[in-house]
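Here is what each chain is made of, one letter per residue.
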Amino acid sequence: MGRSGVRIAIASDFDPRGFIAAEGRSDKFRERQLANSNTVGGAWVKAGQGIQVVGQRIGDVSRTAVHTGDAMTRGLTLPIIGIGGAAVATAVSFESAFAGVEKTVDGTAEQMAGLEQGIRDMAKELPTSREEIAGVAEAAGQLGIQTENVLSFTRTMVDLGEATNLGATEGATALARFANVTGMSQDKFDQLGSSIVALGNNMATTESEIVDMSLRIAGAGVQVGMTEHQTLALATALSSVGIEAAAGGTAISKTMIGIEAAVQKGGEEVELFAQTAGMGADEFVEAWQTDPAKALNSVVVGLGNMEAQGGSTLKQLELLGITEVRQRDALLRAAGAGDLLAKALRISGDAWEEGGALADEAAKRYETTEAQLRILKNQVTDVALTFGEALIPAVREAVDAAKPMIETAAELAQKFADLDPEQQKNILKWVAIAAVAGPALSALGRIGLGVEALTKLVGTSVVGVGKMIDGLGRLRQSSVGKSVIAGLDTVRLKAWQ
């Protein structure tokens, strides 16, 4: 038999009705399969939803971590970094400034420590920065101010710089030289400054012009016996009538030297000066030797009255041997101003004796809002300098309201400075931990948010699979599904036939 015979034999032995009957008996089995399909699909859906819930919870925790971390970064990390940077910058700046002081001032370690603290304390009372004050102290050392007088000299020069049109460093240089020329004691700078301020406030000139002219005539003033405040007064009178220091200073110096020579020589020359001053020769000599400034004022006033008394001022100057243009011009201007020199002498002398004009003028400047804000800034930065890592940034409506807080911060800073190095290191470690905690927590939180997104994606996919399985089960249970299955059974039966 061939292969076809085998197929026929097999076909003839096959009973389709038995197969159909068997298929009929499997309906219950198929129904159980459909039920299982629904159960499996529901399980997948439930599992996927569970995964989504887990992802949501991870996301909630992560968002909290990010929020907390960001808040810590803003509240701790960034302020710590900012405060630390500001403190370091402040310390480096003052260290460099004080290095200049150490270079010019020759003092013991104890003296230099006192000088450093004195500069810092001064900055907390004045609207001038520590660096600027240190610059004046450096100039003081360079100009030969004794170590024990550096702080008082510096304070006077800073006051002058704030209260007048003299710069603190410029004034320090000029007045130190003036003291060197006149031999003035270094504990008299406050009186010197008071005379300058009083003259500047009451005469038609400025403090810088007074100082400039004083330097020009100081040498001659010393030779004829003038005091420091008298030299300042003469300089004020000359600059008040528009005489420039460069030319007028030399001219009036020649006049004073000429009178001194005439007094020493005697004879006709001194008689001419005495006549001009309205005195006898002996009287004038005595006046010049006891109070040269007053005697010179008498000569100037006499020249001014010469025309009214029927004389000639120019003729008298010629008789006195004063023919040089600048010298004659200086005396004519001074003579035309009447008792200007006498007024300047009175103001300068009174201010020198009282010694408070500079302090009073400076105090007025320091009471202004601008000055108070600058003082407040100095106090705050001094806290940073002491503490090293703590500034107190706060808005204050009034300077007085801020002082208690600043004093408290200064006390805390000092307590920190008094700790031993090991305790300070431990504190700094905790500060460092606080600084990095915020960024670290933010980073972990953002990782968690990534896990949440991934978990939700997996959960959604699992739910989709479950729904697909469930949908297929429902399709097989529907009339359409059953028709399709019946059709498939028919096709399969025919295939067997």
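Source: prediction; values computed, not measured. Residues take numbers from 1 onward in each chain, read along the sequence in its written order. For a predicted model such as this one, the threshold for reporting local features is a pLDDT of at least 70, and the threshold for listing and counting side-chain atom pairs is 80 or more; totals across whole chains, interfaces and linings nevertheless cover every residue. The basis for the side-chain values is all heavy atoms of the structure; hydrogens and waters are excluded.

1. Observations regarding the overall build of the protein
The criterion, for reference: Comment: elements are numbered from the N terminus, with helices defined as DSSP H or I runs of at least four residues and strands as E runs of at least two. Note on exposure labels: buried denotes an accessible area under 20% of the residue type's maximum, exposed denotes more than 50%, and partly exposed covers the range between, all computed with a 1.4 Å probe on protein chains only. Here the accessible surface of atoms and residues is derived via Shrake-Rupley with a 1.4 Å probe, and residues count as covered only by protein chains that are part of the display.
Within the protein, the regular secondary structure consists of 22 helices and 0 strands. Relative to its full complement of 497 residues, the protein shows a buried share of 41%. Put simply, the protein shows about 26,400 Å² of open surface, and 57% of that area lies on carbon and sulfur atoms.

2. Some details on the packing of helix α6 (residues 150-163) against helix α7 (residues 168-182)
Let me state the cut-off plainly: Angles shown run from 0 to 180 degrees and are taken between the N-to-C directions of axes, each axis being a line fitted to C-alpha atoms and, for helices, limited to the stretch in contact. Angular relationships are summarised with four words: roughly parallel below 35 degrees, roughly antiparallel beyond 145, roughly perpendicular across 65 to 115, and oblique for the angles in between. In this scheme the handedness of a crossing depends on how the near helix is turned from the far one: anticlockwise by less than a right angle means left-handed, clockwise means right-handed. Two residues form a contact once any of their heavy atoms are found within 4.5 Å. Note that Gly is not counted as nonpolar here; it falls among the polar residues with everything else outside the nonpolar set of Ala, Val, Leu, Ile, Met, Phe, Trp, Tyr, Cys and Pro and the charged set of Asp, Glu, Lys and Arg.
Contact geometry for α6 and α7: axes closest at 8 Å, N-to-C directions at 125°. Between α6 and α7, the angle is such that the two are oblique. For the pair α6 and α7, the crossing hand works out as right-handed. Of α7, the residues touching α6 (which contributes Phe 153, Met 157, Val 158, Leu 160 and Gly 161) are Ala 168, Gly 171, Ala 172, Leu 175 and Ala 176. Split into classes, the residues belonging to the contact of α6 with α7 amount to 8 nonpolar, 2 polar and no charged.

3. Notes on the nonpolar core
As a reminder of what qualifies: Among the buried residues, those of types Ala, Val, Leu, Ile, Met, Phe, Trp, Tyr and Cys that are joined through side-chain atoms within 4.5 Å form a nonpolar core.
Counting 94 residues, the largest nonpolar core has Val 101, Ile 119, Phe 189, Leu 192, Leu 234 and Phe 284 as its most contacted members. Non-local contacts of Val 101, meaning those with residues more than four positions away in its chain, are made with Met 112, Leu 115, Ile 119, Ala 134, Ala 137 and Glu 138.

4. Let's talk about the pattern of salt bridges
Where we set the bar: Here, a salt bridge means any side-chain nitrogen of Lys or Arg that lies within 4 Å of a carboxyl oxygen of Asp or Glu.
For the structure on display, the rule yields 8 salt bridges. The partner of Glu 162 in a salt bridge is Arg 374, with the nearest N and O atoms 3.0 Å apart. Of the two residues, Glu 162 is situated in helix α6 and Arg 374 in helix α19 (residues 369-387); the sequence distance between them amounts to 212 residues. Of the residues examined, Arg 374 reaches a relative accessible area of 30% and is grouped as partly exposed. A salt bridge links Glu 361 to Arg 365, with the nearest nitrogen and oxygen atoms 3.9 Å apart. With Glu 361 and Arg 365 both in helix α18 (residues 357-366) and 4 residues apart, the pair spans about one turn of that helix. With relative accessibility at 14%, the residue Glu 361 sits in the buried group. What makes Arg 365 partly exposed here is its relative accessible area of 36%.

5. Topic: the packing of aromatic side chains
In plain terms, the rule: Pairing of aromatic side chains requires ring centres within 6.5 Å, counting the rings of Phe and Tyr and the six-membered ring of Trp. Pairs whose planes differ by under 30 degrees are stacked, by over 60 edge-to-face, and all others tilted.
Considering all chains together, one arrives at 2 aromatic pairs under this definition. Plain terms: the ring middles of Phe 153 and Phe 189 are 4.7 Å apart, the flat faces sit at 80° to each other, and that makes the pair edge-to-face. Taken together, the residues Phe 153 in helix α6 and Phe 189 in helix α8 (residues 189-202) connect sequence positions 36 residues apart. A single burial state applies to Phe 153 and to Phe 189, both of which are buried. Ring plane angle 25° and centroid distance 6.3 Å describe the contact between Phe 284 and Trp 288, whose orientation is recorded as stacked. Residue Phe 284 and its partner Trp 288 are located together in helix α13 (residues 281-290), separated by 4 residues, close to a single helical turn.

6. Brief notes about the side chain of Thr 313
Structurally, Thr 313 is set in helix α15 (residues 313-319). For Thr 313, a relative accessible area of 8% translates into the label buried. Thr 313 has contacts with Leu 303, Met 306, Glu 307 and Leu 332, leaving out every residue within four places of it along the chain.

7. Comments concerning a negative patch on the surface
This is how the line gets drawn: Residues enter patches when their relative accessible area tops 30% and they take part in no salt bridge; the joining distance is 9 Å for like charges and 5 Å for the nonpolar side chains Val, Leu, Ile, Met, Phe, Trp and Tyr. Positive charge is attributed to Lys and Arg, negative charge to Asp and Glu, and no charge count is given to His or to the chain ends. Taken as the charge centre is NZ of Lys, CZ of Arg, CG of Asp or CD of Glu, depending on the residue.
A cluster of acidic side chains, namely Asp 350, Glu 353, Glu 354 and Asp 360, defines a negative patch on the protein surface. Looking at the negative patch, the element that brings in the most residues is helix α17 (residues 340-354), giving 3 residues. Along the polypeptide, Glu 353 turns up in helix α17. Take Glu 353: its relative accessible area is 63%, and that puts it in the exposed class.

8. Topic: the confidence of the model for the protein
Convention followed: Predictor confidence is given residue by residue as pLDDT, running from a minimum of 0 to a maximum of 100.
This prediction gives the protein a mean pLDDT of 74; 59% of its residues lie at or above 70. When pLDDT is averaged over each element of the protein, α8 comes out on top at 93 and helix α1 (residues 3-13) at the bottom at 41. Below a pLDDT of 50 lies the segment residues 1-25, which in the model reaches 11 contacts outside its immediate sequence neighbourhood of four places, other chains included. A low-confidence stretch, residues 388-399 (pLDDT under 50), is modelled with 22 contacts involving residues beyond four sequence positions or located in other chains.

9. A look at helix α9 (residues 207-224)
Put simply, the test is: Expected helix span is given by 1.5 Å per residue-to-residue step, counting one fewer step than there are residues. The bend reported for a residue corresponds to the angle between axes fitted to the seven residues ending at that residue and the seven starting there.
Relative to the 26 Å expected for 18 residues at 1.5 Å per residue, α9 spans 24 Å between its end C-alpha atoms, a close match to the ideal helical length. The sharpest bend along α9 comes to roughly 50°, located at Ile 217. Looking at α9, one finds that the buried residues are Glu 207, Ile 210, Val 211, Met 213, Ser 214, Ile 217, Ala 218, Ala 220, Gly 221 and Val 224. Note on α9: the residue one or two positions beyond its end, Gly 225, has a positive phi of about 95°.

10. Some words on empty space enclosed by the protein
Worth spelling out the cut-off: The distinction between a cavity and a pocket rests on a 1 Å grid over the protein atoms alone: a 1.4 Å probe fits inside a cavity but cannot get out, while a pocket stays open yet meets protein on both sides within 12 Å along at least five of seven lines, and a residue with an atom within 4 Å of a point counts as lining. Grid points are joined across faces, edges and corners, and a volume is the space filled by probe spheres set on the points.
Under the definition given, this model contains 2 cavities of 30 Å³ or more. By volume, the largest cavity is sized at about 70 Å³. If you go around the largest cavity, you meet 12 residues; those closest to its centre are Ala 237, Leu 238, Val 300, Ala 334 and Leu 341. Considering each element in turn, the lining of the largest cavity owes the most residues, 3 residues, to helix α10 (residues 228-240). Looking at the lining of the largest cavity residue by residue, the classes come out as 11 nonpolar, 1 polar and no charged. Taken as a whole, the second largest cavity spans an internal volume of roughly 30 Å³. Thr 255, Ile 259, Phe 273, Leu 296, Val 299, Leu 320, Ile 322 and Leu 331 together form the lining of the second largest cavity. Counted by class, the lining of the second largest cavity contains 7 nonpolar, 1 polar and no charged residues.

11. Considering α8
The periodicity of an α-helix, 3.6 residues per turn, causes residues three or four positions apart to be oriented the same way. With 14 residues, α8 extends 20 Å between its outermost C-alpha atoms, agreeing within 8% with the 20 Å of an ideal straight helix rising 1.5 Å per residue. When α8 is considered as a whole, its buried residues turn out to be Phe 189, Gln 191, Leu 192, Gly 193, Ser 194, Ser 195, Ile 196, Val 197, Ala 198, Leu 199 and Gly 200.

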